Amino acid sequence: MLTAVRTLSASSLHAEPWVCERHARSYKNDGSEDGTITCVELSSDGELCGVGDKSGRICVVRTRTGEKVVEFKSHEAEFDYLKSLEIEEKINKIKFCAAGGPRRLLLSTNDKTIKLWKIEEARGRAVAKRVFGNAHAYHINSISLNSDGETFCSADDLRLNVWNLEIGRASC
């Protein structure tokens, strides 16, 4: 479980920094879950921070108070039978969609998909809204949101895709 903890700063700056840290929890006996932090992203208004870990979990916290807004598991481990490899569920990228409407997150992992999640702050839960898949042959290295709030780009080693948040198909 990831939890935000406020720390005091001795600097002369007025900002109060804080950190997210992983607390001990009971993992499976085979040790398959790993809470190592793999990515972090601030919302454009600076109010929320999303933290992803190696086991596919996401924790969203308020930056001013450190209060946890929601924690959920986005991806599960899969097995590629053609390559005889396990695909780990590690969260590679987190992007907050434009503020002004409901809070939404774009997430990418090693399964070569991007998932759009709606954060329901009042209920303390996240709801999967859309999966953007079957457009990348390699791990997704980057996601970039357009300022129009409707489109985003994703890139792997050899391909760039332009997506519409409402349609779910890649162009380009």
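The rules behind each value
Here the residue index of a chain counts from 1 through its sequence in written order. For a predicted model such as this one, the threshold for reporting local features is a pLDDT of at least 70, and the threshold for listing and counting side-chain atom pairs is 80 or more; totals across whole chains, interfaces and linings nevertheless cover every residue. Excluded from the side-chain calculations are hydrogens and water; all other atoms, namely the structure's heavy atoms, are used. Runs of E in the DSSP output that reach at least two residues are strands. Runs of H or I that reach at least four are helices, and both are numbered from the N terminus. When accessible area is computed with a 1.4 Å probe and restricted to protein chains, residues below 20% of their type maximum are described as buried, those above 50% as exposed, and intermediate ones as partly exposed. Using the Shrake-Rupley algorithm and a 1.4 Å probe, accessible areas are obtained, with residue cover drawn only from the displayed protein chains. Here, strands pair whenever DSSP counts at least two bridges between them. All axes here are fitted lines through C-alpha atoms, helices being fitted over the stretch that makes contact, and every angle between N-to-C directions spans 0 to 180 degrees. The term salt bridge refers to a side-chain nitrogen of Lys or Arg lying within 4 Å of a carboxyl oxygen of Asp or Glu. Only buried Ala, Val, Leu, Ile, Met, Phe, Trp, Tyr and Cys residues count toward a nonpolar core, and they belong to the same one when joined by side-chain atoms within 4.5 Å. Here a residue-residue contact requires only that any non-hydrogen atoms of the pair lie within 4.5 Å. Every residue carries a pLDDT, the predictor's confidence in it, which falls somewhere between 0 and 100. Each pair of aromatic rings taken from Phe, Tyr and Trp, with Trp reduced to its six-membered ring, is defined by centres within 6.5 Å and is described as stacked if the planes are under 30 degrees apart, edge-to-face if over 60, and tilted in the remaining cases.

A.B. asks: Please explain the overall build of the protein chain as it appears in this structure.
C.D. replies: Summing up its helical and strand segments, the protein chain has zero helices and 16 strands in all. When the 172 residues of the protein chain are sorted by exposure, 37% land in the buried category. Here the protein chain has roughly 10,000 Å² of accessible surface; of this, 49% comes from carbon and sulfur atoms.

A.B. asks: Before we go on, may I ask you to explain the sheet that holds strand β4 (residues 48-53) in this structure?
C.D. replies: Backbone hydrogen bonds hold the strands of a sheet together, and the pairing may be parallel or antiparallel. With antiparallel pairing, four strands are arranged side by side in an open sheet as β3-β4-β5-β6. One side of each edge strand has no neighbouring strand; the edge strands of this open sheet are β3 (37-42) and β6 (68-73). Taken over all neighbouring pairs, the strand axes of this sheet differ in orientation by 15° on average, direction set aside. Note: strand β5 (residues 57-62) against β6, five bridges, orientation antiparallel. Among the inter-strand pairings, Ile58 is bridged to a residue of β6, identified as Phe72.

A.B. asks: Please explain the pattern of salt bridges as it appears in this structure.
C.D. replies: Oppositely charged side chains can form a pair if their charged atoms are brought close together. Under the defined criterion, the tally for this structure stands at 12 salt bridges. Between Arg123 and Glu120 there is a salt bridge, and its shortest N-O distance comes to 3.8 Å. Taking the relative accessible area as the measure of exposure, Glu120 reaches 19% and is therefore buried. Several salt bridges share partner residues, and in doing so they unite Asp45, Glu47, Arg62, Glu67, Arg103 and Glu121 into one network.

A.B. asks: What am I meant to see in the sheet that holds strand β9 (residues 91-96) here?
C.D. replies: Read from one edge of the open sheet, four strands run β9-β10-β11-β12, paired in antiparallel fashion. The open sheet terminates on both sides in strands that have one partner only, identified here as β9 and β12 (125-132). Adjacent strand axes in the sheet meet at a mean angle of 25° when their direction is disregarded. The pairing of strand β11 (residues 114-120) with β12 spans seven bridges and is antiparallel. Each residue of the ladder has a partner; that of Lys118, found in β12, is Val127.

A.B. asks: Is there a simple way to explain the nonpolar core in this structure?
C.D. replies: Across soluble globular proteins, nonpolar side chains show a tendency to be buried alongside one another. Counting residues in hydrophobic clusters, the biggest one holds 15 residues, and the most contacted among them are Ile58, Val60, Phe72 and Leu105. For this core, the secondary-structure elements that each account for two or more residues are β5, β6, β9, β10 (103-109) and β11. With residues near it in sequence (within four places) discarded, Phe72 still touches Gly56, Arg57, Ile58, Leu105, Leu107, Trp117, Ile119 and Ala126. Judged by nonpolar contacts, the second largest core, of 11 residues, contains Ile114, Ala135, Ile140 and Trp163.

A.B. asks: Would you explain the confidence of the model for the protein chain in this entry?
C.D. replies: Low-pLDDT stretches of the model should not have their predicted coordinates read in fine detail. In the predicted model, the protein chain carries a mean pLDDT of 76, and 68% of its residues have values of at least 70. A low-confidence stretch, residues 6-16 (pLDDT under 50), is modelled with 10 contacts involving residues beyond four sequence positions or located in other chains. In this model residues 22-31 is a low-confidence stretch, pLDDT under 50, and it forms 15 contacts with partners more than four residues away in sequence or in other chains.

A.B. asks: Teacher, can you tell me more about the packing of aromatic side chains here?
C.D. replies: Counting across every chain of the model gives four aromatic pairs. Look at Phe132 and Trp163: their rings are 5.3 Å apart centre to centre, the planes differ by 75°, and that puts the pair in the edge-to-face class. One end of the pair, Phe132, is in strand β12; the other, Trp163, is in strand β15 (residues 160-164), with 31 residues separating them in the sequence. Its relative accessible area of 1% is what places Phe132 among the buried residues. A relative accessible area of 2% means that Trp163 is categorised as buried. Three or more aromatic residues link up through ring pairs in this structure, and these residues are Phe132, Phe152 and Trp163.

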